[in-house]
Every structure is written in structure tokens, then in C-alpha cells.
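Residue-level structural notes
Each chain is listed here by its residues.
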Amino acid sequence: LAEEQLRHEKEKLDYVVDVLGIGLCLMDRDMNLLWTNANLPKVWGLTELPKGVRCRDIFQCTEAYCPVAKALESAEGRYREIKVLVKDGRRRYIENTAIPLRDEKGEMGRVLVLSRDITQREKRLRQLSLLRELGQALHETLHIEKLLNLILTSVTAGQALAFNRAFLFLVNEEKGSVYGKAAVGPSSGEEAARIWQDVSQRYPTLEELLKEVMEREPLDSPLNVKTRLLVYPLNKEEEIVVRCVKEMRSQVVKEAAADPRVTREFREFLGSKEFVCVPLVVKGRAVGVIVADNPYSREPITEDHVHLLNIFAGQAALAIENAETCESLEEKIEQLRETQERLCRSERLVAMGEISIYIAHEIRNPLVTIGGFARSIEKTKPEEEDVATAARIIVEEVSRLEKILGNIKDFSKPQEPRKVRVDINTLLEDTCCLTEGYLRERGINLIKNFSPGLPPTFLDPAQIKQVLLNLIKNAVESMEGGGILTVQTTREEQYIRTDVSDTGHGIAPEVMEKIFTPFFTTKTSGTGVGLVVSHKIVDDHDGKLRVSSVQGRGSTFSMLLPITENP
């Protein structure tokens, strides 16, 4: 009965050991193999049970460290090591644990060694470590373009998720579409081999690669350009990327030609028979899709690949939302800053306008008297030449002062714009016609570059023409010996942009800071209100007036007027 019970317990123990996949062996003091179970050859990839071999013949030990030798030396404790085996290009991790055993005399004469294949555990640990490193890198930048490039690089880097190519699609909820944003990957097998070899040599660690990606500007490529041409409406659910967004779950395609989820257009664009689409989901909504494939390495896309990509996509989606929120916040701060500057400028103009009206009124009365007496003296034609010259100078200076007072009056009481539907190119053509003779006399060559197809907008033609004439006049005055005046129009987002550029002497930095300050001027005969009035007119049209200049090369004044459908 005792023998039967012992056999039964041994069977149970053997069963447990087999289930756990543990290889067991017994070593003597000379580290010779005494016994092994059936699992040991499976763990170490041996063809048969080893017999008459030593420790190092099985466990590939080194003299510097052998767990069996350590166990025999100390006669107590456990000694563990992990061996890395490479077979068929794949790594295997084997954990060895040596346990010293005492015999019936209490002497330490044998060592029990447990060998266990921990490849899957090490793989999971490596994946968790990789995801932590990638997640940390994603949240270190809020620059949206660099972030997207970093996401795609993480999907394709050999030290990371190791797909051959990655494509990023984003959701535009306002337009109701999914559009191609960016892509990373080689265009051919030869290019793939060259790139992979170069990356492995230049960036031995993932940290170094990600650092380089964050520091450099995103590079364009034919694959990237091709991807940006793709746009799919959100109601076109036969497209697999749209389906991925709608269902918010991964789509794995094993045979694209036979899969009804893949349209011919998308199949021809991708050129792969096997790929995976993973949604970028944050707070219960999909903000985009990552498409990844392996057309060059031909490595099958396994469940592990999809699982890891899904976890990474969650981190990427959160990083994208943070970057977009930050970008939106920066835009709102910039709008608030511009509104505050505009308000301060308006208050300053109102205060200065009231002072200007008072000063103009007080000066005009004595000025009229002085001018009247001077004209009377001039009309009497005095015999003394000095008196006649003095009278003429007084009349000229009074006329100049009256003109200045007129400008101040216009500055003090700006009119509300009367907006009508206008084609900006036509308005510019009319304005340029008015200045042709003026430009010709001063040796200025006019270049017109008007962008066709600009939408009409609502503005006050008289006021905008006043701004344009003032900008052209300032440009001409900066080119004393002649030069080139360029007037061009373009569309910039929701604005029509008009640039007036000259080849003059440019504007000094200290002058640039004060260029829109009332009554500030560098001209001997200027009033310092022309640009201020122009800025106020553009402000009243909800536009922007900008200036850029390089000393010795010229300046460019840019007027941006919003595209509006009605006044």
C-alpha cells in the first residue's frame, strides 16, 4: 500500500511538472548528469534524453558563473540564471534554478536543476517596457506634426513594433470625412533593406531613434504624398478605414483580393494582401486609424502584433488629443492676445483722437489768421524781396500745416466701413492704374501677380483703396533711386492676402517696433498717421496688417482680409 501511494503521488508530481513544462535533472558533486525527466530535452531543444554529460554540455554554462557550481559551493540557497538561445532567428529565454540537496548523512552531494522556458514571459515584459517607453516619448511633444511622425516611426521601427509600413488616417468631423494624413515606409524591398541597415547602425537603441525623430522636421516621401490624396466620406462604410472608425475595432485582412471589406481602390493603393487597421479611440470616439503591413519582410501579422498595436494606438490617440487641445488653446490665446491688442490700440486711438481734435481746433484759428495776413502781404507785392520771400514761405508752411491738420482730423474721426461685394483683384487693378504715372516718374517697375479664382468678399472699396495707396506710397518712398514694386494676392486659409513688396532699404528693428504707433515717423515731412489709419481700417474689416523686412533688401506689407459671404 505504501508503494502504491508513493507511486500515485509521484504520478501526480510528474503530471504537475509536465503541465508546467519544467525540465528537471540531477547533478552530482562533479557536475555529471545523474537523472533527467522527459521535459528537459523539450526545454533545451535536444533530440533525445542526455546521458553521461556534464553540466556545461546542457546548460551552456561559463566558468565565470554556473548555478550548479554556486549551489555546491554554498550548500544553501537557490541560484538562478537566464540563458538566451537563438534558433531560426528567434530568441528563446531559459530560466535555470539550481537547488542543493543533502544526502542521508547530511552532506551536500547533489544539485537539482529546474529549467523553464520563459520566452513568453520575457516577451510580455519586453512589450510592456516597450509600450512604457513609447508612451513616454509620445507625451513629450505637443507639436502635432512631429507627434504624428513619431507615432508612425514607432509602428515601423525595428526596435519598436517593427511593421514595414504605417499609414495614418484622421477623422474630420466638421467635413464628415476620413483623410490620409501621413505615411512612413520604404517604396521597395531594396530601399527597405538599405533603410533598415542604416537605422540599425546609426541608432542602436530605440531611445536614440525616437530622440532623432523628435528633433528633426518630418521628411516628405512619395508614399506620404500618395497617402494625403486619400479622402473618404464617413458615410462610405464599404471603405475599410471608415468601417474601422465606425465600429471602433481592429480590422485584420489576410487576403485583400478576396476580402469584401477592401475596395479595389484601397487594395491598389496599398499593394499588400495582408494588413491591419487599428482605430485611434479616445473618450469613446475614434479620431483616426493606423494601417500597418509587412509587404517586404512578408512576416505574418499575428494576434500578438494586433494586440500590441491596439495598446499603442490607445496611447497614440490620447497623445493626439492632447496635442490638438494644446494647439487649439494656443490659437485661442493668440486670438485673445490679438483682441486685447486691438482693444488697447482702439482705446489709445480714441484718447489720442480726442486730444488731436482739441489741438487741431486750437491751432486752426491762429493758423487761419497767420495764413490770411501772409497771403495779403504776398498779394501786395512788396518792393523788398526779403519780405516777399518770407510771405511766400509763410503761405507754403501754413498750407502744409493745414494739410497736416486735415490728416489729423481724418485720423481722429475714422468712418465706419460701408461694405459691398468686391473682387479684390479688380480693386487692385484699379488701384495700380491710378499709380502707374507716379511709379514711372520715380523709376519704379511694377510687377502684378494676382492669384486667379479668389472668392469675392465684402469690404469698403474706398477705405481698402486708401490702405493700398498708402502702402504703395510708403514702398515707393523707400526706393529713392528706383526699384521693383510687387503686388500679389493669394489665399491663406480663410483670408485673402495682399502683399505689397519693395526692394528698398528696409526697416530697422527699432523702427519696426513703433511702426504702427500714432504720429511716429522717420520722414522729414511725414505725419505718422498713414499706417495707423491703415491699420485701423483693416481692423474694422476684421483683418490683419503685418509687416516683414530685411534691411538692405526691402520690406513686405501683408493685408489679410477675411473671406465673408455677407457684410
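Residues numbered from 1 in each chain as written. Predicted model: local features only at pLDDT ≥ 70, side-chain atom pairs only at ≥ 80, totals over all residues. Heavy atoms only, no water.

Points about the overall build of the chain
The helix and strand tally for the chain stands at 17 helices and 18 strands. Residue burial in the chain is summarised as follows: out of 567 residues, 41% are buried. When the accessible surface of the chain is split by element, carbon and sulfur atoms take 52% of a total near 32,600 Å². (Helix = DSSP H or I, 4+ residues; strand = E, 2+ residues; numbered from the N terminus. Buried < 20%, exposed > 50% of the residue type's maximum accessible area, 1.4 Å probe, protein only. Areas by Shrake-Rupley, 256 points an atom, 1.4 Å probe, with all protein chains shown as cover.)

Some points on a negative patch on the surface
Residues Glu324, Glu327, Glu330, Glu331 and Glu493 make up a contiguous surface patch of negative charge. For Glu324, the position within the fold is in helix α12 (residues 303-379). (Patch = residues over 30% accessible without salt bridge, like charges linked within 9 Å, V, L, I, M, F, W, Y side chains within 5 Å. Salt bridge = Lys/Arg side-chain N within 4 Å of Asp/Glu carboxyl O. Lys, Arg positive; Asp, Glu negative; His and termini not counted. Charge placed at Lys NZ, Arg CZ, Asp CG, Glu CD.)

Concerning the nonpolar core
In this structure, Ile151, Val155, Leu280, Leu309 and Phe312 are the most contacted members of the largest nonpolar core, which totals 44 residues. Elements with a contribution of two residues or more to this core: α5 (119-138), α6 (144-156), β6 (165-172), α8 (206-215), β10 (275-282), β11 (285-293) and α12. What Phe312 contacts, discounting residues up to four positions off in sequence, is Leu131, Leu134, Leu138, Ile151, Ser154, Val155 and Leu161. (Core = buried A, V, L, I, M, F, W, Y, C linked by side-chain atoms within 4.5 Å. Contact = heavy atoms within 4.5 Å.)

Some points on helix α14 (residues 424-441)
Taking 1.5 Å as the rise per residue, α14 with 18 residues should run 26 Å; its terminal C-alpha atoms sit 26 Å apart, in good agreement. By the burial criterion, the buried members of α14 are Ile424, Asn425, Leu427, Leu428, Thr431, Cys432, Thr435 and Leu439. Positive backbone phi, at 70 degrees, marks Gly443, one or two positions downstream of α14. (Expected span 1.5 Å × (residues − 1).)

What about the side chain of Asp259?
When you line up the elements, Asp259 lands in the loop between β9 (251-253) and α11 (264-270). A relative accessible area of 13% means that Asp259 is categorised as buried. A polar contact of 2.7 Å, which involves the side chain of Asp259, links it to the side chain of Arg261. (Polar contact = N/O pair within 3.5 Å; in protein donor to acceptor, adjacent residues only side chain to side chain.)

Focus on the pairing of β10
Within β10, 7 of the 8 residues are buried, which leaves it mostly tucked inside the rest of the structure. Sheet analysis places β9 next to β10, joined by 3 bridges and oriented antiparallel. The partner of Val253 across the bridge, within β10, is Phe275. Bridge count for β10 against β11 is 8 bridges, and the pairing is antiparallel. Bridging from a neighbouring strand, Val281 pairs with Ala286 of β11. In sequence, β10 turns back onto β11 through a hairpin of 2 residues, with Lys283 there showing a positive phi of about 55 degrees. (Pairing = 2+ DSSP bridges.)

Points about unusual backbone geometry
For Met248, which is not glycine, the phi dihedral falls at a positive 55 degrees. With a phi close to 60 degrees, Arg298 is a non-glycine residue in the positive phi region. Mapped onto the secondary structure, Arg298 falls in the loop between β11 and α12. Looking at Arg298, the relative accessible area reads 66%, which means it is exposed.

Digging into the pattern of salt bridges
Throughout the structure, instances matching the rule amount to 20 salt bridges. Across the pair Arg165 and Asp293 runs a salt bridge whose closest N-O atoms are separated by 2.6 Å. Placement of the pair is Arg165 in strand β6 and Asp293 in strand β11, with a sequence separation of 128 residues. Assessed through its relative accessible area of 0%, Asp293 is described here as buried. Shared partners join several salt bridges into a network, and the residues in it are Glu173, Lys283, Arg285 and Glu321.

A look at the sheet that holds strand β18 (residues 554-562)
Spatial ordering of the open sheet is given by β13-β15-β16-β18-β17, a layout of 5 strands whose pairing is mixed. Only two strands of the sheet have a single partner each, and these edge strands are β13 (444-450) and β17 (544-550). On average, each strand axis in the sheet is inclined to that of its neighbour by 15 degrees, with strand direction left out of account. Relative to strand β15 (residues 483-492), β13 runs parallel, the two sharing 7 bridges. Bridge pairing in β15 places Phe450 opposite Thr489. Strands in contact with helix α15 (residues 461-477) are β13, β15, β16 (495-501), β17 and β18; relative to β18, the strand with the most contacts, it is inclined by about 170 degrees. (Axes fitted to C-alpha atoms, helices over the stretch in contact; angles between N-to-C directions.)

Thoughts on the packing of aromatic side chains
Between two aromatic rings, the relevant description is the distance of the centres plus the angle of the planes. Considering all chains together, one arrives at 4 aromatic pairs under this definition. Pairing Phe169 with Phe266 gives two aromatic rings, centres 6.3 Å apart and planes at 45 degrees, and the pair type is tilted. Here Phe169 is found in strand β6, whereas its partner Phe266 is found in helix α11, with 97 residues between them in sequence. Each member of the pair, Phe169 as well as Phe266, carries the same accessibility label: buried. (Phe/Tyr/Trp six-rings, centres within 6.5 Å; stacked < 30°, edge-to-face > 60°.)

Here we look at helix α10 (residues 240-247)
Residue pairs spaced three or four apart in an α-helix point in one direction, given the helix's 3.6 residues per turn. Within α10 the residues assigned to the buried category are Ile240, Val241, Val242, Cys244 and Val245. Among the residues trailing α10, Met248 stands out with phi positive, at a value near 55 degrees.

Some thoughts on the packing of α14 against α15
The interhelical angle for the contact between α14 and α15, taken along N-to-C directions, is 35 degrees, at an axis separation of 10 Å. Between α14 and α15 lies a crossing of right-handed hand. Contact residues: α14 offers Leu427, Leu428, Asp430, Thr431, Leu434, Thr435, Tyr438 and Leu439, while α15 offers Pro461, Ile464, Lys465, Leu468, Leu469, Ile472, Lys473 and Val476. The residue inventory of the contact of α14 with α15, partitioned by class, reads 11 nonpolar, 2 polar and 3 charged. (Left-handed = near helix turned anticlockwise from the far one by under 90°. Nonpolar A, V, L, I, M, F, W, Y, C, P; charged D, E, K, R; others polar.)

A short note on the environment of Ile311
Relative to the assigned elements, Ile311 resides in helix α12. Residue Ile311 is classed as partly exposed on the basis of its relative accessible area, which comes to 35%. Sequence separation of Ile311 and Leu131 is 180 residues, and the distance between their C-alpha atoms is 7.9 Å.

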